[in-house]
Amino acid sequence: MGSQTGAALQKQTLLWFVVAVSQCVSALGCEPDYELAIEEVCLDTFRLDMQKLDQRHWCSWEDTVELYGKLTNCTYLWALRMNCFWPNRLVDEFFIRVHKEYFHDCSLSGRLLKDPPNRILGPFIAIPVLVTLLMTALVVWRSKRSEGIV
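Remember, it's a predicted structure, so these values are computed and weren't measured experimentally. (Residues numbered from 1 in each chain as written. Predicted model: local features only at pLDDT ≥ 70, side-chain atom pairs only at ≥ 80, totals over all residues. Heavy atoms only, no water.)

**Some thoughts on the packing of helix α2 (residues 31-52) against helix α3 (residues 61-81)**
The condition that has to hold: Helix axes are fitted only over the stretch in contact, all axes being lines through C-alpha atoms; the angle between N-to-C directions runs from 0 to 180 degrees. Secondary structure counts use DSSP, requiring at least four H or I residues in a row for a helix and at least two E residues in a row for a strand, with both numbered from the N terminus. Comment on the angle field: the value is read as roughly parallel under 35 degrees, roughly antiparallel over 145, roughly perpendicular from 65 to 115, and oblique elsewhere. Helix crossings get a hand from a simple test, with the near helix turned counterclockwise from the far one by less than a right angle marking a left-handed crossing and a clockwise turn marking a right-handed one. Every residue pair with non-hydrogen atoms within 4.5 Å of one another is taken to be in contact. Side-chain classes are defined by residue name, with Ala, Val, Leu, Ile, Met, Phe, Trp, Tyr, Cys and Pro counting as nonpolar, Asp, Glu, Lys and Arg as charged, and the others, Gly among them, as polar.
Interaxial distance between α2 and α3 falls to 10 Å at its minimum, and their mutual angle equals 165 degrees. By the angle class used here, α2 and α3 are roughly antiparallel. For α2 against α3, the interelement crossing comes out right-handed. Between α2 and α3, the residues in contact are Y34, A37, I38, V41, C42, L43, F46, D49 and M50 and T64, L67, Y68, K70, L71, C74, T75, W78 and A79, respectively. Per-class residue counts for the contact of α2 with α3 are 14 nonpolar, 2 polar and 2 charged.

**What about the packing of α3 against helix α4 (residues 89-102)?**
Where α3 contacts α4, the axes come no closer than 12 Å and their chain directions differ by 155 degrees. The orientation of α3 with respect to α4, classified from their angle, is roughly antiparallel. As for how α3 packs across α4, the hand of that crossing is right-handed. Of α4, the residues touching α3 (which contributes Y68, L71, T72 and T75) are F94, F95, V98 and H99. Partitioning the contact of α3 with α4 into residue classes produces 5 nonpolar, 3 polar and no charged.

**Here we look at the state of the cysteines**
The test is simple: In what follows, a disulfide is any cysteine sulfur pair within 2.5 Å.
All chains considered together, the criterion is met by 2 disulfides. A sulfur-sulfur distance of 2.0 Å marks the disulfide that ties C42 to C74. The S-S bond linking C42 to C74 shows a torsion near -80 degrees; that makes this disulfide left-handed. Of the two residues, C42 sits in helix α2 while C74 sits in helix α3, which places them 32 residues apart along the sequence.

**Re α3**
For the record, the criterion: The span you would expect from a helix comes to 1.5 Å times its residue count less one. Between buried and exposed lies partly exposed: a residue is buried under 20% and exposed over 50% of the maximum accessible area for its type, with that area taken using a 1.4 Å probe on protein chains only.
Look at α3: 29 Å from first C-alpha to last across 21 residues, which is about the 30 Å you get at 1.5 Å a residue. Looking at α3, one finds that the buried residues are T64, L67, Y68, L71, C74, T75, W78 and A79. Downstream of α3 by one or two residues, N83 has phi in the positive range, about 55 degrees.

**Things to note about the environment of T136**
As a reminder, the rule being used: We call two N or O atoms a polar contact when they sit within 3.5 Å, provided that within protein one can donate a hydrogen and the other can accept it, with sequence-adjacent residues counted only if both atoms are side-chain atoms.
Inspection of the secondary structure puts T136 in helix α5 (residues 118-144). Of the polar contacts made by the side chain of T136, one reaches the backbone oxygen of T132; its length is 2.8 Å.

**A short note on the pattern of salt bridges**
This is how it is decided: Any Lys or Arg side-chain nitrogen found within 4 Å of a carboxyl oxygen on Asp or Glu counts as a salt bridge.
Overall, the coordinates contain 6 salt bridges when judged by the stated rule. When the shortest N-O distance is used, the salt bridge between E39 and R97 registers 2.1 Å. Separated by 58 residues along the polypeptide, E39 in helix α2 and R97 in helix α4 bring together distant segments of the chain. Among the residues examined, R97 registers a relative accessible area of 36% and is labelled partly exposed. Of the charged contacts in the structure, one is a salt bridge between D54 and R56, with a shortest N-O distance of 2.5 Å. What makes R56 exposed here is its relative accessible area of 68%.

**Notes on the packing of aromatic side chains**
Rule in force here: Only Phe, Tyr and Trp rings take part, Trp by its six-membered ring, and two of them pair if their centres are within 6.5 Å. Stacked means planes under 30 degrees apart, edge-to-face means over 60, and tilted covers everything else.
What the rule picks out here adds up to 8 aromatic pairs. Ring geometry for W58 against Y102: centres 5.0 Å apart, planes inclined by 65 degrees, an arrangement best described as edge-to-face. Of this pair, W58 sits in the loop between α2 and α3 while Y102 sits in helix α4; the two residues are 44 residues apart in sequence, bridging distant segments of the chain. Classification of W58 by relative accessible area gives buried; the value is 14%. On the basis of relative accessibility, which here comes to 8%, the residue Y102 falls in the buried class.

What is shown is where atoms sit, not what they do.
Here it is in structure tokens:
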């Protein structure tokens, strides 16, 4: 019974090995053509779409989500056409390059960080300064009045 279990385990291991090797060969076999396709078709279309969009809106997720979705779908459809796995290492590297080129100045929340208007920022600066001055004046005034201190 132990030899049957060992044989089944060997067959299962061999099957997993064959599947893993076939996936690696398939993923490696599509590299040059797939990379060229997503660069020339998907990225060029995305570049044209982003040029139409004002650069100040590149960090606005509401403005870029459709364009980004089209780019993602394009890479996926080309992977299907070329019998490549998706996502793969090329897609990861491709999107890292896209982010470095178009979204490197964006915050994690998707909004471009900027100072609030002075009407909002002013009270947050003025009130603590005034409270500090008032408390300092109160301490000085109380220290000059020594009567009633036990």
